[in-house]
Amino acid sequence: MGRMLLVGEDHDTESLRSHSQLEEHERQTCDGPLEAVRFLRAHAVDVVVSDPATSISEDLALVEEIRAVRPGVRIVVLAPRLTDSDVVKALRAQVFACFTPPFDWNEVAEMVRSAIADSHWRPAIDVVSGLPNWITLRVSCGLVTADRLTRFMTEWRGDLPSGDRDLLMTAFREMLLNAMEHGAGFDPERVIDVTAARTARAIVFHFRDPGEGFDTADLQHAATSNDPDAVFAATVHRADAGLRPGGFGMLIVRQVVDELVYNEKGNEVIMIKHLS
């Protein structure tokens, strides 16, 4: 059983306090950041969830205080709003995840549950270059890390219509998981290089994995067609080979993005979404 500390008495967070995904865990509440630090000096917790009423600058100041008292605590930030620069700051501060309204409490609870379960958590996302419109990261391989990075990228492009953003993030996560699986074998000791850039006319994602690459003319394990029957056949083939069923994910990628370009070796890919 884990322990969660929820900062603030916002009535909206009652959905999180009482969420069924967190039933088996102990849930503590404190009035504000000062009380949170006092509590942490006396009690160990696994996850701290910030007050959704406090600004990101206040939340990041609290992160610093918590790190000084309990270095291993995972911190999930609920903030009223985030700018692109705020997302970079949160990444640099090794925040576990960030959310802004409207909160999907199912998604927040799942992230908290993952943070509690990840007892061997360590910083897994390093910022190599952090500008509002150009972020380069080195990312350790793992499903939880993929979910965390997808959440950060969702907030980074919070200016997009929610439907378009959700589809784009589905494509982003699929490409990230492909790099982790095929290029690094989900080995947490290996890293993927990820760059996200925003121009006046496009959103660009670049993925580079440490693997040997593949022959782009021979995509036996990937769905190379928009034909659902071909996708299904590729998915069955992957399952028989003991691989993650990514065929339908690749179908979504090809339907969502405008350009998908691989390098000669096959261990780098650029994914481009044009903006209207």
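Residues numbered from 1 in each chain as written. Predicted model: local features only at pLDDT ≥ 70, side-chain atom pairs only at ≥ 80, totals over all residues. Heavy atoms only, no water.

**Q** Account for the packing of aromatic side chains, naming residues and giving values.
**A** Evaluation of the coordinates by the stated rule reveals four aromatic pairs. Between the aromatic rings of F172 and F207, the centroid separation amounts to 5.4 Å while the plane-to-plane angle is 45°, which identifies the pairing as tilted. You can see F172 sitting in helix α7 (residues 162–184) and its partner F207 sitting in strand β9 (residues 202–208), a full 35 residues away along the chain. Classification of F207 as buried rests on a relative accessible area of 2%. (Phe/Tyr/Trp six-rings, centres within 6.5 Å; stacked < 30°, edge-to-face > 60°. Helix = DSSP H or I, 4+ residues; strand = E, 2+ residues; numbered from the N terminus. Buried < 20%, exposed > 50% of the residue type's maximum accessible area, 1.4 Å probe, protein only.)

**Q** So what's going on with the pairing of strand β8 (residues 191–198)? Residues and values would help.
**A** Judged by how many residues are buried, β8 sits mostly within the fold: six of eight residues are covered. Of the strand pairs in this sheet, strand β7 (residues 134–140) and β8 are connected by seven bridges, and their pairing is antiparallel. Note that in β8 the partner of V139 across the bridge is I192. As defined by bridge partners, β8 adjoins β9 across six bridges and the pair is classed as antiparallel. Each bridged residue has a counterpart across the sheet, and for V194 the counterpart in β9 is F207. Connecting β8 to the next strand, β9, in antiparallel fashion are three residues. (Pairing = 2+ DSSP bridges.)

**Q** Describe the sheet that holds strand β2 (residues 26–30), and please don't skip the residues or the numbers.
**A** Consider a sheet: its strands pair through backbone hydrogen bonds, and that pairing is either parallel or antiparallel. With respect to topology, five strands assemble into an open sheet ordered β2-β1-β3-β4-β5, the strand pairing being parallel. Bordering the open sheet on either side are β2 and β5 (97–99), each of which pairs with just one other strand. Sheet twist, expressed as the average angle between the axes of neighbouring strands with direction ignored, equals 20°. Direction of pairing for strand β1 (residues 3–7) relative to β2: parallel, over a ladder of five bridges. Along β2, the bridge assignment pairs L6 with T29. (Axes fitted to C-alpha atoms, helices over the stretch in contact; angles between N-to-C directions.)

**Q** Tell me about the layout of surface pockets, and please be specific about residues and values.
**A** If you add up the space inside the largest pocket, you get close to 590 Å³. Around the largest pocket sit 28 residues that line it, and E107, R151, T154, E155 and R165 are the ones nearest its centre. For the lining of the largest pocket, the secondary structure elements donating two or more residues are α5 (105–117), α6 (143–156) and α7. Partitioning the lining of the largest pocket into residue classes produces nine nonpolar, six polar and 13 charged. (1 Å grid on protein atoms, 1.4 Å probe; cavity = no way out; pocket = protein on both sides within 12 Å on 5 of 7 lines; lining within 4 Å. Points joined across faces, edges and corners; volume = space filled by probe spheres on them. Nonpolar A, V, L, I, M, F, W, Y, C, P; charged D, E, K, R; others polar.)

**Q** Can you break down unusual backbone geometry residue by residue, with the values?
**A** A cis amide bond, omega -5°, links P101 with the succeeding residue P102. For Q94, which is not a glycine, the phi torsion comes out positive at approximately 60°. For Q94, the location among the structural elements is in the loop between α4 (84–92) and β5. Positive phi is not limited to glycine here, since F186 has a value of about 55°. Judged by relative accessible area, F186 falls into the partly exposed class, the value being 29%.

**Q** Provide a residue-level description of the confidence of the model for the protein chain, including the pertinent values.
**A** Looking at the protein chain, the pLDDT average stands at 88 and 86% of residues meet or exceed 70. When mean pLDDT is taken per element in the protein chain, β9 scores highest with 98 and helix α8 (residues 228–240) scores lowest with 52. Confidence drops under a pLDDT of 50 for residues 220–225, and excluding neighbours within four residues, the segment shows 16 contacts in the predicted structure. (pLDDT = per-residue confidence, 0-100. Contact = heavy atoms within 4.5 Å.)

**Q** So what about the nonpolar core? Which residues, and what values?
**A** Ranked by size, the top nonpolar core spans 59 residues in total, and within it M153, F172 and F205 carry the most contacts. Of the residues forming this core, the biggest block, ten residues, is contributed by α7. In terms of nonpolar packing, the next biggest core, distinct from the first, is built from 19 residues, V47, V49, I116 and W121 among them. (Core = buried A, V, L, I, M, F, W, Y, C linked by side-chain atoms within 4.5 Å.)

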